[in-house]
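Coordinates in review
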There are 2 protein chains.
Amino acid sequence: MTDTDRLPQPAAADIDLVTVLHALGDPVRMTLLLSYADGAEHSCDPGGLGLEHLHKSTVSHHMRVLREAGVTTTRVAGRNRLVSLRRTDLDTRYPGLLDALLAAASS
Amino acid sequence: MTDTDRLPQPAAADIDLVTVLHALGDPVRMTLLLSYADGAEHSCDPGGLGLEHLHKSTVSHHMRVLREAGVTTTRVAGRNRLVSLRRTDLDTRYPGLLDALLAAASS
DNA sequence: GGGATGGGTGGATAATTGTCAAACAATCAC
DNA sequence: GTGATTGTTTGACAATTATCCACCCATCCC
């Protein structure tokens, strides 16, 4: 309920644009972003994300980059880590950016 | 007037989103983008771009990354290389993206 | 408790990248 | 032509990063 069950992430006001773009300037992480675009929470299973070719620790690394950039949030639920987009925080910090990115990525 | 006086760059249709984001995910290149946001042509002088601390070859390298990503175009004019934003091409390929990026970078 | 499951951690390694320096190339000014 | 100006290219080097592997750590289930 509180933040104690969330992995460390920057405050909304501390989300840095260049850091976000650096995080998204990678094909694997862009794939993850598109998976998260549905707004739902996703587990870290590489198979469920179209990343079967990558080792689970590699996927874990990419998820950490996204989270530390402020793009995603990770909630700890038992054995699972549930990752989702920080859509509200991103929209507040950089209005229109996420929509433009998702539209561009989907084209 | 033809393309012969322009340095190599991708066709508008070949501009790749992840490549663009990778190019902009660097503080120096984001600084360059903001300089180019006025739509004018700019020379490559590091001093005129707030990059006095960088060697001219380093700036040249960053400009190449931006150009090869499709973000900028470089026109050869005598000794000068005049760099400017590919605003129309970017707006056509990814509508709204450049505006959102520039708005975010200016905030 | 014991095993299985979902992920993270740390080390190793190879590839990429940011930076500078020195040399080069083309153009301009005289 | 001589020299100065404007950038690019190449090489070297350090830092970052993407990936895999082996191991660890919780948690869940029986």
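So, here is what we can say about the structure in this document. (Residues numbered from 1 in each chain as written. Chains lettered and ligands numbered in written order. Predicted model: local features only at pLDDT ≥ 70, side-chain atom pairs only at ≥ 80, totals over all residues. Heavy atoms only, no water.)

Section: the relation of the copies chain A and chain B
The two copies are related by a screw motion: chain A maps onto chain B through a turn of 180 degrees and a shift of 0.0 Å along the axis, at an RMSD of 0.0 Å. Such a turn and shift between the copies fits a two-fold axis. Most of the interface of chain A is mirrored in chain B, where 100% of its interface residues are also at the interface. (Least-squares fit on C-alpha atoms with pLDDT ≥ 70 in both. Contact = heavy atoms within 4.5 Å.)

Regarding the interface of chain A and chain B
Taken together, the 18 residues of chain A in the interface contact 18 residues of chain B. Applying the counting criterion to the chain A and chain B interface returns zero salt bridges. Taken together, the links from chain A to chain B amount to zero residue pairs in polar contact (both at pLDDT 80 or more). When the residues that make up the side of chain A that touches chain B are grouped by side-chain class, the tally is twelve nonpolar, four polar and two charged. (Salt bridge = Lys/Arg side-chain N within 4 Å of Asp/Glu carboxyl O. Polar contact = N/O pair within 3.5 Å; in protein donor to acceptor, adjacent residues only side chain to side chain. Nonpolar A, V, L, I, M, F, W, Y, C, P; charged D, E, K, R; others polar.)

A closer look at the pattern of salt bridges
Pairing of side chains with opposite charge becomes possible as their charged atoms draw close. All names here are of chain A. Inspection of the entire model under this criterion finds eight salt bridges over all chains. Note that R64 is salt-bridged to E68, the shortest N-O span being 3.3 Å. You can see R64 and its partner E68 sitting in helix α3 (residues 56-69), four residues apart, about one turn around the helix. Take R64: its relative accessible area is 47%, and that puts it in the partly exposed class. (Helix = DSSP H or I, 4+ residues; strand = E, 2+ residues; numbered from the N terminus. Buried < 20%, exposed > 50% of the residue type's maximum accessible area, 1.4 Å probe, protein only.)

Quick word on the protein's contact with DNA strand D
What surrounds DNA strand D is a group of 23 residues, the closest being H55, S57 and H62 of chain A together with S60 and R64 of chain B. Sugar and phosphate atoms represent 68% of those atoms of DNA strand D found within 4 Å of the protein. In this structure, H53 of chain A approaches DNA strand D through a main-chain N or O atom, which is 3.4 Å from a phosphate oxygen. Within the residue set of the surface near DNA strand D, elements represented by two or more residues are α3 of chain A together with α3 (56-69) and β2 (80-85) of chain B. For the surface near DNA strand D, a count of residues per class yields three nonpolar, twelve polar and eight charged. (Near = heavy atom within 4 Å.)

Let's talk about the protein's contact with DNA strand C
Taken together, 22 residues surround DNA strand C, and among them K56 and S60 of chain A together with H55, H62 and R79 of chain B come closest. Taken together, the sugar and phosphate atoms account for 68% of what DNA strand C places within 4 Å of the protein. Separating a phosphate oxygen of DNA strand C from a side-chain N or O atom of H61 of chain B is a distance of 3.2 Å. H62 of chain B places a polar side-chain atom, nitrogen or oxygen, 2.4 Å from a phosphate oxygen of DNA strand C. Among the secondary structure elements, those contributing two or more residues to the surface near DNA strand C are α3 and β2 (80-85) of chain A together with α3 of chain B.

Considering helix α1 (residues 17-24) of chain B
Most of α1 of chain B is tucked away: six of the eight residues are buried. All of the buried residues along α1 of chain B are L17, V18, V20, L21, A23 and L24 of chain B. Residues of α1 of chain B that are buried sit in contact with α1 (17-24), α2 (27-36) and α5 (97-106) of chain A together with α2 (27-36), α3 and α5 (97-106) of chain B. In this structure D16 of chain B caps α1 of chain B, since a side-chain oxygen of it lies 3.4 Å from the backbone nitrogen of V18 of chain B.

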